[in-house]
Amino acid sequence: MSLCLLERRDIVISGLGVFLASFLLLSWYWIINLSLIVPVTLASILVSLTAFMSHELMHRYVARSLGYIACFRLVRYGLVMLMLTALIGFAARTPFMMGAPGAVAIGPNILGRESSRHRALIALAGPGANVLMAAAFYAASLSVAGTLLFTLRITYIINSILAIFNSLPIPPLDGYQVVKNREYGLWLTLMVSSILVSIPAIRYLF
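Since we're looking at a predicted model, the values are computed, not measured. (Residues numbered from 1 in each chain as written. Predicted model: local features only at pLDDT ≥ 70, side-chain atom pairs only at ≥ 80, totals over all residues. Heavy atoms only, no water.)

## Some remarks on the overall build of the protein
A tally of regular secondary structure across the protein gives eight helices and two strands. Counted from the first residue to the last, the protein has its helices and strands arranged as α-α-α-β-α-β-α-α-α-α. For the protein, whose C-alpha radius of gyration is 17 Å, the value lies close to the compact-globule estimate of 17 Å for 206 residues. Burial status across the protein gives 46% buried among its 206 residues. Sequence-distant contacts, at least 24 apart, represent 75% of the contacts inside the protein between residues at least 6 apart. By element, 72% of the accessible surface of the protein is carried by carbon and sulfur atoms, the whole surface being about 10,800 Å². One way to put it: in the protein the 14 positive side-chain charges average out to a point 5 Å from where the 6 negative ones average out. (Helix = DSSP H or I, 4+ residues; strand = E, 2+ residues; numbered from the N terminus. Rg over C-alpha atoms; globule rule 2.2 N^0.38 Å. Buried < 20%, exposed > 50% of the residue type's maximum accessible area, 1.4 Å probe, protein only. Contact = heavy atoms within 4.5 Å. Areas by Shrake-Rupley, 256 points an atom, 1.4 Å probe, with all protein chains shown as cover. Lys, Arg positive; Asp, Glu negative; His and termini not counted. Charge placed at Lys NZ, Arg CZ, Asp CG, Glu CD.)

And the structure:
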């Protein structure tokens, strides 16, 4: 459990990193229109809390509920990569950034009930959270307008992108971990859900 000693610090640092990277990436909106600085700030906060923290903490919650030691840890090189790609995205005016400033480290099962299905469920929990968040923000955006619509739509788009990206069966992504543990039905459900929730985002982006 020594992995968890600095967990709160790591969560705060990683969350702030995602907020700053998101704010930097979205800065072109308020640079062009200063009135958008508040919705951009709010969207950056929501992205940090929902797209990133809910993803990682859902991994932790499911792991712990199944009896595993699970702690959030800061990933310094992932934080640096996130900031650099956000800077590149800002410079190129491209809505793209990549990096994992933190991740949940999974230890042994203290109940002695280790199984491949458990590992698959833990992996699925992260992008599954993004699917739910994307669906919730998309639904909420349908009944609002103006700057609030902008905030909700940005948060929806990023959650939907992370959902479908992390569902891909490519190492070290979560989708690969589900397939690796031979839970093909779970993976297919996750993949289809991610695609379906991402369909409106395609229209917004293109």
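Next comes the rest of the description.
## Describing the pattern of salt bridges
For the structure on display, the rule yields five salt bridges. In this structure, glutamate 7 engages arginine 60 in a salt bridge whose closest nitrogen and oxygen atoms are separated by 2.9 Å. Of this pair, glutamate 7 sits in helix α1 (residues 7-25) while arginine 60 sits in helix α3 (residues 37-65); the two residues are 53 residues apart in sequence, bridging distant segments of the chain. Judged by its relative accessible area of 9%, glutamate 7 falls in the buried class. A network of salt bridges, in which partner residues are shared, links Glu7, Arg60 and Arg64. (Salt bridge = Lys/Arg side-chain N within 4 Å of Asp/Glu carboxyl O.)

## Some points on the environment of aspartate 174
Position of aspartate 174 among the secondary structure elements: in helix α7 (residues 174-180). In sequence terms aspartate 174 and glycine 128 are 46 residues apart; their C-alpha atoms lie 10.0 Å from each other. Not counting chain neighbours up to four residues away, the residues in contact with aspartate 174 comprise His55, His59, Ala123, Pro127 and Asn166.

## Some points on the state of the cysteines
Working definition of a disulfide: a covalent bond connecting the sulfur atoms of two cysteines. Inspection of every chain in the model, using the stated rule, returns one disulfide. Disulfide pairing places cysteine 4 opposite cysteine 71 at an S-S distance of 1.5 Å. Here cysteine 4 and cysteine 71 share a disulfide; its torsion about the S-S bond, -55 degrees, makes the bridge left-handed. With cysteine 4 in the segment before α1 and cysteine 71 in strand β1 (residues 68-74), this residue pair connects regions lying 67 residues apart in the sequence. Like cysteine 4, the residue cysteine 71 is buried in the burial classification. (Disulfide = S-S within 2.5 Å.)

## Things to note about the side chain of serine 141
Its location among the elements puts serine 141 in helix α5 (residues 116-141). Overall, the relative accessible area of 5% leaves serine 141 in the buried class. From its side chain, serine 141 meets the backbone oxygen of tyrosine 138 in a polar contact 2.6 Å long. With sequence-adjacent residues up to four places away left out, serine 141 is seen in contact with Leu149 and Leu152. (Polar contact = N/O pair within 3.5 Å; in protein donor to acceptor, adjacent residues only side chain to side chain.)

## Thoughts on the environment of alanine 163
Take alanine 163: it is sitting in helix α6 (residues 146-167). Given a relative accessible area of 0%, alanine 163 falls into the buried group. Spatially, the C-alpha atoms of alanine 163 and alanine 129 are 8.0 Å apart, while their sequence positions differ by 34 residues. With residues near it in sequence (within four places) discarded, alanine 163 still touches Pro127, Asn130, Val131 and Ser194.

## Observations regarding a nonpolar patch on the surface
A grouping of Met81, Phe96, Met98, Ile161, Phe165 and Leu205 is seen on the molecular surface, where their side chains present a nonpolar patch of about 490 Å² in accessible area. Among the structural elements, isoleucine 161 can be located in helix α6. The exposure class of isoleucine 161 is partly exposed, given its relative accessible area of 37%. (Patch = residues over 30% accessible without salt bridge, like charges linked within 9 Å, V, L, I, M, F, W, Y side chains within 5 Å.)

## Overview of the packing of aromatic side chains
Within this structure, the stated rule accounts for six aromatic pairs. Between the aromatic rings of tyrosine 29 and phenylalanine 150, the centroid separation amounts to 5.0 Å while the plane-to-plane angle is 75 degrees, which identifies the pairing as edge-to-face. Here tyrosine 29 is found in helix α2 (residues 27-32), whereas its partner phenylalanine 150 is found in helix α6, with 121 residues between them in sequence. Judged by centre distance (5.2 Å) and plane angle (45 degrees), the ring pair of tyrosine 138 and tyrosine 156 falls under tilted. Taken as a pair, tyrosine 138 in helix α5 and tyrosine 156 in helix α6 lie far apart in primary sequence, 18 residues in all. Under the relative-accessibility criterion, tyrosine 156 is labelled buried at 1%. (Phe/Tyr/Trp six-rings, centres within 6.5 Å; stacked < 30°, edge-to-face > 60°.)

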